[in-house]
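# What the coordinates show
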Amino acid sequence: MDAIIMLLPGDGIGPEVVAEARKVLAAVAERYGHTFAFHEGLMGGCAIDAAGAALPEETLAGCLAADAVLLGAVGGPQWSDPKAPVRPEQGLLQLRAAMGVYANLRPVRVLDALVDASPLRPERVRGVDVMIVRELTGGLYFGRPQGRETVNGERAAVDTLRYRESEIRRVVRVGFELARGRRGKVTSVDKANVLASSRLWREVTHEVAADYPDVVCEDVLVDACAMYLINRPADFDVIVTENMFGDILSDEASMITGSLGMLPSASLGDAPVDNGQGLAVGSQRSKTRPGLYEPIHGSAPDIAGRGIANPLATILSAAMLLRSSLGLAEEAAAVEAAVERVLADGCRTADIARPGEGAIGTVEMGERVAEVVSKQ
Ligand code: IPM
Ligand code: MG
């Protein structure tokens with residue numbers, strides 16, 4: 001197939017890890033006879049420096065015209081002044097909204113080769129395989145009003161947690177669909193004992209659950225969920241939750257694996273509907289599903305430019321891109337198998353190496369994976 005893949009290397013270690021994922025995608029194209037055109041754009045701090053905006057129009061246009069977008073990371077201390085008029089993270093939020101990618105999938109899998117990297121006891125983490133589905137374009141991040149105000153001469157600020165039922169229904173459905181192909185269990189996480197938006201979330205979730213009698217559905221309060229993720233992580237299959245709850249729980253869950261540098265993510269919208277007169281407005285270039293793929297780690301400014309960052313989270317994100325946006329399941333599985341192969345062979349970047357164990361750099365890790373893909 002022919003596909004346009006938009007790369008947004010971003011800030012910090014972003015460019016280093018995206019370069020390796022690109023090599024792996026190029027190896028896939030060559031091995032399986034596809035043509036991938038890579039376009040690049042600026043987003044985040046680098047875009048603020050170069051163009052004065054976190055998401056320049058040109059970048060957004062490139063993303064909307066592409067079949068899929070692969071992002072490194074954005075942000076860094078030089079752009080984090082809370083009083084700055086524009087912040088790198090705003091670019092990411094604008095992009096998520098503009099692409100309509102409302103379902104953020106964050107798989108948390110503990111690979112056998114890396115059980116020892118977890119701060120939790122091996123018997124607790126072995127076999128953990130959780131899919132967090134975080135609502136990504138609504139909730140507390142996007143509700144209005146949002147901002148500063150003055151109340152009786154005092155500084156005040158407001159954020160709003162608002163959901164429409166359609167926004168809840170579509171993301172919860174994604175969770176149930178995924179559960180069907182997995183272990184058949186959905187945990188819906190909310191704060192229904194306090195928040196009105198959570199009570200609506202729960203109501204709508206139960207309506208959706210009625211369409212999936214084959215899937216077990218449970219409701220768990222977000223504070224309790226934070227606790228269960230530590231003391232019985234293996235019990236979870238699919239977790240589906242509000243935007244900010246998902247932001248927090250996914251960072252927590254990533255620590256179960258102990259290797260933040262390993263975790264990919266996919267943010268998906270709806271596949272375009274063919275209305276018989278070409279594709280529906282707002283859809284991307286072709287019939288591919290809008291998708292934004294990124295490692296869940298940040299820009300790690302402390303190690304940027306040193307060639308030691310772990311590129312595997314970005315490479316695994318590229319695998320999700322192949323599967324979910326381009327429909328290339330076999331190729332995606334080949335990339336995932338290649339990652340497991342190099343880990344089984346003992347390749348480790350510094351973040352996942354045990355004390356005393358030798359570590360390889362970003363480029364070598366990327367090249368090892370690409371090589372295994374080429375030879376499979
Ligand atoms: C994430 C990040 C972002 C978020 C930031 C960078 C805006 O923490 O993707 O989890 O909060 O969504
Ligand atoms: Mg986060």
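Residues numbered from 1 in each chain as written. Chains lettered and ligands numbered in written order. Predicted model: local features only at pLDDT ≥ 70, side-chain atom pairs only at ≥ 80, totals over all residues. Heavy atoms only, no water.

A count of helical and extended segments in the protein gives 12 helices and 12 strands. Structurally, the protein occupies a C-alpha span of about 60 × 55 × 50 Å along its principal axes. With 376 residues in all, the protein has 52% of them scored as buried. Taking all contacts inside the protein whose residues are at least 6 apart in sequence as the whole, residues at least 24 apart take part in 76%. (Helix = DSSP H or I, 4+ residues; strand = E, 2+ residues; numbered from the N terminus. Buried < 20%, exposed > 50% of the residue type's maximum accessible area, 1.4 Å probe, protein only. Contact = heavy atoms within 4.5 Å.)

Two elements in contact, helix α6 (residues 165–180) and helix α7 (residues 196–209), have axes whose closest approach is 9 Å; the angle formed by their N-to-C orientations is 50°. By the angle class used here, α6 and α7 are oblique. Note on packing geometry: the crossing formed by α6 with α7 is right-handed. Residue-level inspection shows Glu165, Ile168, Arg169, Val171, Val172, Arg173 and Phe176 of α6 in contact with α7, the latter providing Leu200, Trp201, Val204, Thr205, Glu207, Val208 and Ala209. In the contact of α6 with α7, the residues fall into 9 nonpolar, 1 polar and 4 charged. (Axes fitted to C-alpha atoms, helices over the stretch in contact; angles between N-to-C directions. Parallel < 35°, antiparallel > 145°, perpendicular 65-115°, else oblique. Left-handed = near helix turned anticlockwise from the far one by under 90°. Nonpolar A, V, L, I, M, F, W, Y, C, P; charged D, E, K, R; others polar.)

Turning next to empty space enclosed by the protein. Considering all chains together, one arrives at 1 cavity of 30 Å³ or more under this definition. Each pocket or cavity is described by its volume, and for the largest cavity that value is around 40 Å³. Lining the largest cavity are Leu161, Tyr163, Asp190, Ser197, Ser198, Trp201, Glu242 and Phe245. Residue contributions to the lining of the largest cavity peak at 3 residues, all from α7. Classifying every residue of the lining of the largest cavity by side-chain character gives 4 nonpolar, 2 polar and 2 charged. (1 Å grid on protein atoms, 1.4 Å probe; cavity = no way out; pocket = protein on both sides within 12 Å on 5 of 7 lines; lining within 4 Å. Points joined across faces, edges and corners; volume = space filled by probe spheres on them.)

One can read the domain layout of the protein as domain 1 (1–103 + 275–376) and domain 2 (119–257). On a C-alpha basis, the centres of domain 1 and domain 2 stand 25 Å from each other. In total, about 910 Å² of surface goes out of reach between domain 1 and domain 2, with carbon and sulfur atoms giving 73% of it. Linking domain 1 with domain 2 are 0 salt bridges, by the criterion used here. Inspection of the domain 1/domain 2 interface yields 1 residue pair in polar contact (both at pLDDT 80 or more). Sort the elements by how many residues they give to the side of domain 1 that touches domain 2 and helix α4 (residues 88–99) lands first, with 3 residues. Its residues assigned to classes, the side of domain 1 that touches domain 2 comprises 6 nonpolar, no polar and 2 charged. (Domains from an automatic or database assignment. Buried area = accessible area lost by both parts, 1.4 Å probe. Salt bridge = Lys/Arg side-chain N within 4 Å of Asp/Glu carboxyl O. Polar contact = N/O pair within 3.5 Å; in protein donor to acceptor, adjacent residues only side chain to side chain.)

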